[in-house]
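Coordinate inspection notes
Given next are the chains, with one letter for each unit.
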Amino acid sequence: PVKRLTAPEIYARKGGTPLVSLTAYDAPMAEILDDHCDILLVGDSVGMVVHGLPNTIGVTMEMMILHGQAVMRGARRAFVVVDMPFGSYEGEPEVAFANAARLLKETGAQAVKVESGPTVARTIAYLTQRGIPVMGHIGLRPQAVNVDGGFRAKGRTPEEREKVLQEARDTDAAGAFAIVIEGVAADLAGEITAAVKAPTIGIGASAACDGQILVVDDMLGQFDWSPKFVRRYAALRETISEAAAAYAKDVKSRDFPAPQETYFAK
Ligand code: KIV
Ligand code: NA
């Protein structure tokens, strides 16, 4: 049997070979990515990527549990982290613990991720002390979309820079085993990475981080548009569209199915 990576092993990768991470939402994709990734994140981006929501606010515990279960059925070696959805952790730590415990118990994943704004550090400590490893997420926090008025890079003014640095320090001090940094300039990502003990995992946050993560459908080229920080390693959108067009043509011309694709009486 393959040995699964653990939170302490991820934590120990600080400053070493960069951590490789992608999102995953279903079993077959998790099985493919498992050969190449240290961490698979069942991101609440699933709401946008798979379910067509405009942002992540509408994502529910039930959605995270279903996708978490699917990913755990496909992944064997990777460390699997499940995002806590908006509304499930920002209030009392006791409520956050109940929800995080439910995510771990019902999916079998090893850790949760929270968007660690200024008030969440005490919850990170509360969960970690009670047996739940927590990954932080600072900088551009997609669940703050309604306060921020959109998805925008963070830390580009001196005050905002200080805020993001403080979020990083608080998240680190609270005991997060890794910290996602999203949408910040390279110099700030470098400064944060040097300032915290936990490995930083960048998305739109330069090569200064201790690892990288991307939304898998973005890097596979599934969408018309992707953010500046995405590199497309495939052109799945074109591949799928061309395949569907070829199928439609063959169905209409009765070229499909051919005899070798047909059952006949014995
Ligand atoms: O939900 C998500 O996919 C994420 C990553 C982009 C870090 O939070
Ligand atoms: Na997320």
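As named in an unreviewed UniProt entry, the protein is 3-methyl-2-oxobutanoate hydroxymethyltransferase, taken from Asticcacaulis excentricus. Among the UniProt annotations of the protein, the heading Subcellular location (unreviewed entry) holds the following wording: "Cytoplasm". Check the Sequence similarities (unreviewed entry) section of the UniProt entry for the protein; it says "Belongs to the PanB family."

**Some points on the site of ligand 1**
The environment of ligand 1 is formed by T23, L41, G43, D44, S45, D83, H137, V180, I203, I213 and V215. For the shell around ligand 1, a count of residues per class yields 5 nonpolar, 4 polar and 2 charged.

**Quick word on the UniProt feature "binding site: 3-methyl-2-oxobutanoate" (unreviewed entry) in the protein**
As recorded in UniProt, the feature "binding site: 3-methyl-2-oxobutanoate" (unreviewed entry) lies at D44, S45, D83 and K113. Over a stretch of 70 residues, the named residues converge on one spot in the fold, their C-alpha atoms separated by at most 12.3 Å. Following the sequence through the fold, D44 ends up in the loop between β2 (39–42) and α3 (46–49). According to the C-beta neighbour criterion, D44 is buried, with 29 such atoms within 10 Å. Under the C-beta neighbour-count criterion, K113 is labelled buried, with 25 such atoms within 10 Å.

Rules of the game
- Residues numbered from 1 in each chain as written.
- Chains lettered and ligands numbered in written order.
- Predicted model: local features only at pLDDT ≥ 70, side-chain atom pairs only at ≥ 80, totals over all residues.
- UniProt positions renumbered as here; feature names shortened; annotations may be inferred.
- Near = placed C-beta within 6 Å.
- Nonpolar A, V, L, I, M, F, W, Y, C, P; charged D, E, K, R; others polar.
- Helix = DSSP H or I, 4+ residues; strand = E, 2+ residues; numbered from the N terminus.
- Buried ≥ 20, exposed ≤ 12 C-beta atoms within 10 Å, placed from the backbone.

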